[in-house]
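Next come the chains, spelled out residue by residue.
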Amino acid sequence: MSRDSFGSRFGALVAMAGSAVGLGNLWRFPYLVGENGGAAFIIVYVAMVFLICLPIFISEFVLGRRSQKNAYAAFRDLSGGSAWKWVGLLTVIVPLIVLSYYSVIGGWSIEYLLKSATFSFTGGAQQSAMSTMFTDFVTSTWGPLACHTFFLLATTLIVVVGIKDGIEKFSKVMMPLLFFMVMAIAFYSLTLPGADKGLDYLFNPDFSKIDGKSISSALGQAFFSLSLGFGTILTYASYVDKKEDILYQSSATAASDLMFALIAGVAIMPAVFAFGLDPQSGPGLVFETLPFVFSQMPAGGVIAILFFVSLLVAALTSSISMMEVAVAYLVEEKNFSRKAACVTLFAICWAVGALCALSFGPLADIKITGRSIFDLFDHLSSNILMTLGSLLTVLFVGWRLKKTDIYDEFTNGGTLSRNAKLFGLLWFLIRYVCPIAIISIFLSGLI
Ligand code: PHE
């Protein structure tokens, strides 16, 4: 049976952008900006995206497109069957851990969408009522479990259909829609009286807020947001046509991811400031502060629906990419049918995700190294495993594979002259800058 692939350049691009644009942009980025001093953090973040993450992105792209295999087989075959295959296996397993807890937050967005559709955020509610509503929901048992189940089921149903007809089609329809919805909210937010304070906060840098910790969170966020170190970009790239330009596709994905994060910032911060609220409210920003803002603003009910649909769509186009990594592995290495692979992964991620979903309520007392199950998974995967995965990927490409092979893949056999000219710079970044930067930033974040 021939391998499924993306049907068009646009399809491949929106699928990758779909993987990248997710809760990371709409949920994590705005609150990290809030916690780390606004514009100064954004500047550091942009530098991380283009200097460190783009070369890693290209490395993953090269691995996938060169091998045209799943992540495990890519590492195994390109290294001639050496122990590097275990790194490949790591990049197959990590997305499953992420998917399990990602699905919990994806589920919350379903609940909040239902709440907005039933106009729970209209009529000038109290701010404390919104916090209570959130706490009541996440600490309960059945609601979060049911929402997690629906979210994971939706993910599985898209993935089971395949690359061209499932993942690509879904992303092609949803990504443009997502763009228009987030833009509409941003424009609306800018019309609110007092919105300029939010813009000031986003775009007026205060560098005194920048230290080792914020630089390391900027890098961690950039990894997470670009789906790096998880085998996702590698797997998607393995379905991309040999004629496509890797540099173009990678930069376009990185740029759209950044653009979405900034638009999300513009959609959220001016509105938060317009109502005199504090942006530094951590993860509660989206599920506590924003619902309160929606309840205060004119036409807030409609904006709330738009916002939570966006959150859900963004989360789904990312979660499907996480599941695909392991589906490709099971189908190609373990001879599973696509359906059997999807059912198996649904079962595993459902069970692990259920523990995460309950770790705010019934299982809140279970603490491992001082963290709840949910926090532990988030911390382990996004801070440690993802950094490790990205580091090992650049080391593999820069130090283990042949330079001529990388050149060949990156320039489509020497036919892309722009890429040929830039290869020297890319190679330097991959071999030296990325590994040194990742290690030192990771260590400085620990201090
Ligand atoms: N990039 C996604 C986001 O920003 C998360 C993600 C991580 C997706 C890893 C795939 C793989 O939400």
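Residues numbered from 1 in each chain as written. Predicted model: local features only at pLDDT ≥ 70, side-chain atom pairs only at ≥ 80, totals over all residues. Heavy atoms only, no water.

Undergrad: Could you give me a rundown of empty space enclosed by the protein, with the residues and numbers involved?
TA: Taken as a whole, this structure holds two cavities of 30 Å³ or more when the rule is applied. Approximately 110 Å³ is the volume found for the largest cavity. Residue lining of the largest cavity: 14 residues in total, with S19, Y102, F224, S227 and M322 positioned closest to the centre. For the lining of the largest cavity, the elements supplying multiple residues, two or more each, are α1 (9–20), α5 (85–117), α10 (212–225) and α14 (300–333). (1 Å grid on protein atoms, 1.4 Å probe; cavity = no way out; pocket = protein on both sides within 12 Å on 5 of 7 lines; lining within 4 Å. Points joined across faces, edges and corners; volume = space filled by probe spheres on them. Helix = DSSP H or I, 4+ residues; strand = E, 2+ residues; numbered from the N terminus.)

Undergrad: For the packing of helix α3 (residues 39–67) against helix α17 (residues 403–410), give the residues involved together with the corresponding values.
TA: The geometry of α3 relative to α17 is characterised by a closest axis approach of 10 Å and an angle of 90° between their N-to-C directions. On the basis of their axis angle, the class for α3 and α17 is roughly perpendicular. Note on element contacts: α17 touches α3 through D405, I406, D408, E409 and F410, opposite I58, V62, R65 and R66. In the contact of α3 with α17, the residues fall into four nonpolar, no polar and five charged. (Axes fitted to C-alpha atoms, helices over the stretch in contact; angles between N-to-C directions. Parallel < 35°, antiparallel > 145°, perpendicular 65-115°, else oblique. Contact = heavy atoms within 4.5 Å. Nonpolar A, V, L, I, M, F, W, Y, C, P; charged D, E, K, R; others polar.)

Undergrad: Let's hear about the pattern of salt bridges: which residues, and what values?
TA: Taken as a whole, this structure holds 17 salt bridges when the rule is applied. With its nearest N and O atoms 3.6 Å apart, the salt bridge here joins D405 to R66. Remark: R66 occurs in helix α3 and D405 occurs in helix α17; sequence separation between them is 339 residues. Its relative accessible area of 29% is what places D405 among the partly exposed residues. Exposure remark for R66: the relative accessible area of 27% places this residue in the partly exposed category. Between K243 and D241 there is a salt bridge; the shortest N-O distance is 3.5 Å. Counted as one network, the salt bridges with shared partners bring together R65, R66, K242, D405, D408 and E409. (Salt bridge = Lys/Arg side-chain N within 4 Å of Asp/Glu carboxyl O. Buried < 20%, exposed > 50% of the residue type's maximum accessible area, 1.4 Å probe, protein only.)

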